[in-house]
Amino acid sequence: MHRIWSNRKRSLDAAAGEFNRRSPAVELLDREDTGDEWRSIWLFLIATLARKPNGVVTRTAPVTVGVRYREAFLGEAPHPFEVVTILQPRGLFHPNVAPTGALCLGHPEPGLSLEFILHQTWAALTFNMRKINTRRGDVVNPEAAQFVRANAERFPLTEKGIFEEPDSPRAAGGPSLFTGIGQ
């Protein structure tokens, strides 16, 4: 298994380099090989939703994401919350993001690729409605799920893909198109 894991880490490095070169919307900030884990930190240059302490939901950018890939993922499916963590911004308002920042990837299979991880993360952050789960009982943030269902016509936040030039950072600032729940 050691040789297979070494090959996978080389593959992860190559995929990370390729994404970093091809995508103007995603930057690889750091990567680390800790032996039985491969970790990376990514900057997504897109706006997503966060809720301020006063309850107002706003667009905020950029988004910093940590990816953790364990050797065990080669032979067993990872827990959906153990691969991706939203590091910044705090207060991300999303049906599939836990208060700890862990992003649910759905039902990942053993041997999942970095490409899959980054595309799923992009879809989640942009609220691609084909990938966002808002079903009652399946979400970790029921308020965010209710908000997304009530405002479905406002999503996705961008029509652009991960390999396209991102929207202007100004798209994240200014008056919000969203208001707090219950206001």
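Okay, so let's go over this structure. Residue numbers restart at each chain and count upward from 1, following the sequence in its written direction. Two thresholds apply to this predicted model, a pLDDT of at least 70 for residue-level local features and 80 or more for giving and counting side-chain atom pairs, whereas whole-chain, interface and lining totals are computed over all residues. Each side-chain value is worked out from all heavy atoms of the structure, with water and hydrogens disregarded.

### Quick word on the pairing of strand β4 (residues 57–60)
Stated precisely, the cut-off is as follows: For every residue, the accessible area obtained with a 1.4 Å probe (protein chains only) is divided by the maximum for its type, and the residue is called buried under 20%, exposed over 50%, and partly exposed between those limits. By definition, any uninterrupted DSSP run of H or I lasting at least four residues is a helix, any uninterrupted run of E lasting at least two residues is a strand, and each is numbered from the N terminus. Note on pairing: DSSP must find at least two bridges between two strands before they are called paired.
Covered by surrounding structure in β4 are Val57 and Arg59 together with Thr58 and Thr60, the residues of both alternating faces. In this sheet, β4 lies alongside strand β3 (residues 48–51) in antiparallel orientation, the contact comprising four bridges. Bridged to Thr48 within β4 is Thr60.

### Things to note about the environment of Phe147
Mapped onto the elements of the fold, Phe147 is located in helix α3 (residues 142–150). It is 9.4 Å that separates the C-alpha atoms of Phe147 and Val57, two residues lying 90 residues apart in sequence.

### Side note on the pattern of salt bridges
We apply this condition: A side-chain nitrogen of Lys or Arg and a carboxyl oxygen of Asp or Glu constitute a salt bridge if their distance falls within 4 Å.
Following the criterion strictly, the structure yields ten salt bridges and no others. Residue Arg21 pairs with Glu18 through a salt bridge whose shortest N-O separation is 3.3 Å. Taken together, the residues Arg21 and Glu18, both in helix α1 (residues 2–22) and three residues apart, mark about one turn of the helix. Since its relative accessible area comes to 34%, Glu18 is described here as partly exposed. Between Glu143 and Arg51 there is a salt bridge, and its shortest N-O distance comes to 3.2 Å. With Glu143 in helix α3 and Arg51 in strand β3, this pair connects stretches of sequence that are 92 residues apart.

### With respect to the side chain of His94
For clarity, the threshold we go by: Whether two residues touch is decided by their heavy atoms; if any such pair falls within 4.5 Å, the residues are in contact.
Take His94: it is sitting in the loop between β6 (84–88) and β7 (102–103). Relative accessible area serves as the criterion here: at 1%, His94 is assigned to the buried category. Here His94 is in contact with Ala124, Phe127, Ile132, Asn141 and Ala144, once residues within four sequence places are set aside.

### Some thoughts on the nonpolar core
How we decide: Remark: nonpolar core denotes a set of buried residues (Ala, Val, Leu, Ile, Met, Phe, Trp, Tyr, Cys) joined through side-chain atoms within 4.5 Å.
Ranked by size, the top nonpolar core spans 33 residues in total, and within it Trp42, Phe44, Tyr69 and Leu114 carry the most contacts. Element by element, the count of residues in this core is highest for helix α2 (residues 114–125), at six residues. The contacts of Trp42, once residues within four sequence positions are left out, are Ala16, Phe19, Val26, Glu27, Leu28, Leu29, Val63, Thr64, Val65, Val67, Leu114 and Leu118. In this structure, Leu49, Ala144, Phe147 and Phe155 belong to the second largest nonpolar core, which totals nine residues.

### Comments concerning the sheet that holds β7
The condition is simple: Helix axes are fitted only over the stretch in contact, all axes being lines through C-alpha atoms; the angle between N-to-C directions runs from 0 to 180 degrees.
Read across the sheet, five strands follow the order β1-β2-β5-β6-β7 without closing on themselves; strand pairing throughout is antiparallel. A single partner strand is all that each edge strand has here, and the edge strands are β1 (26–33) and β7. Bridge count between β1 and strand β2 (residues 37–44): seven bridges; the pairing is antiparallel. Counterpart to Glu27 in the pairing with β2 is Leu43. Across the sheet, α1 lies against β1, β2 and β5 (63–70), angled at about 10° from β2, the strand it touches most. Against the sheet, α2 contacts β1, β2, β5, β6 and β7, and its axis sits at roughly 35° relative to β2.

Function cannot be read off these values alone, since they describe shape.
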